[in-house]
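Architecture at a glance
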Amino acid sequence: MTVHEKFVEDMDGAGIHTEGYRGRFFWEGPAARSDEQNGPTLLDIIKVTAVPLQWDVLNSNYIVYPKAKAGWKDKVTDSEDEEVEPDGYNDGYAAKTPKDTDEED
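Before going further, it helps to examine helix H1 (residues 3-13). For H1, every residue scored as buried is listed here: Val 3, Lys 6, Phe 7, Asp 10 and Met 11. What you see down the axis of H1 is that its buried residues fit within an arc of 125°, all on one side. In H1, those exposed residues whose orientation departs by more than 90 degrees from the buried face are Asp 12 and Gly 13. In the segment just after H1, Gly 15 is the residue with positive phi, at about 75°.

Right, here's the structure in full:
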């Protein structure tokens, strides 16, 4: 399952509408719009999915979409051959383990 599919599945399950969006960070795919006064809020959207998200500010609301090269748990977006980081995400923010630190010295 791709990040696109997982994001849409999670949003549909929560009753949040998704639509096509071409955003920053090379993202082209589904996105959800927040409505901070009437809902769903940014926090509502973030809470219903395990997919790492980013968002663009539109007036006082947000358009929320998955990170362009994100993976979740043991899945990776672009290629199943890529190595997933120790935290389970392929986002470049994995904390280094003591073993990794020793290897660099």
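Picking up where we left off.
Working note: regular strand, side chains alternate between the two faces of the sheet. With 5 bridges joining them, strand E1 (residues 18-22) and strand E2 (residues 28-33) adopt antiparallel strand pairing. The partner of Gly 20 across the bridge, within E2, is Pro 30. Alignment of E2 against strand E4 (residues 61-66), held across 2 bridges, turns out to be antiparallel. In the sheet register, Ala 32 faces E4, and the bridge partner there is Val 64.

Looking now at the nonpolar core. Of all hydrophobic cores here, the largest spans 10 residues; its members are Val 3, Phe 7, Met 11, Ile 16, Ala 32, Leu 42, Ile 45, Val 51, Leu 53 and Val 64. For this core, the secondary structure elements donating two or more residues are H1 and helix H2 (42-47). Top element by residues in this core is H1. It accounts for 3 residues. One finds Tyr 21, Trp 27, Ala 31 and Tyr 65 within the second-largest nonpolar core, a separate group that totals 5 residues.

Rules used throughout
- Residues numbered from 1 in each chain as written.
- Predicted model: local features only at pLDDT ≥ 70, side-chain atom pairs only at ≥ 80, totals over all residues.
- Heavy atoms only, no water.
- Buried < 20%, exposed > 50% of the residue type's maximum accessible area, 1.4 Å probe, protein only.
- Helix = DSSP H or I, 4+ residues; strand = E, 2+ residues; numbered from the N terminus.
- Arc of directions from axis to C-beta.
- Pairing = 2+ DSSP bridges.
- Core = buried A, V, L, I, M, F, W, Y, C linked by side-chain atoms within 4.5 Å.

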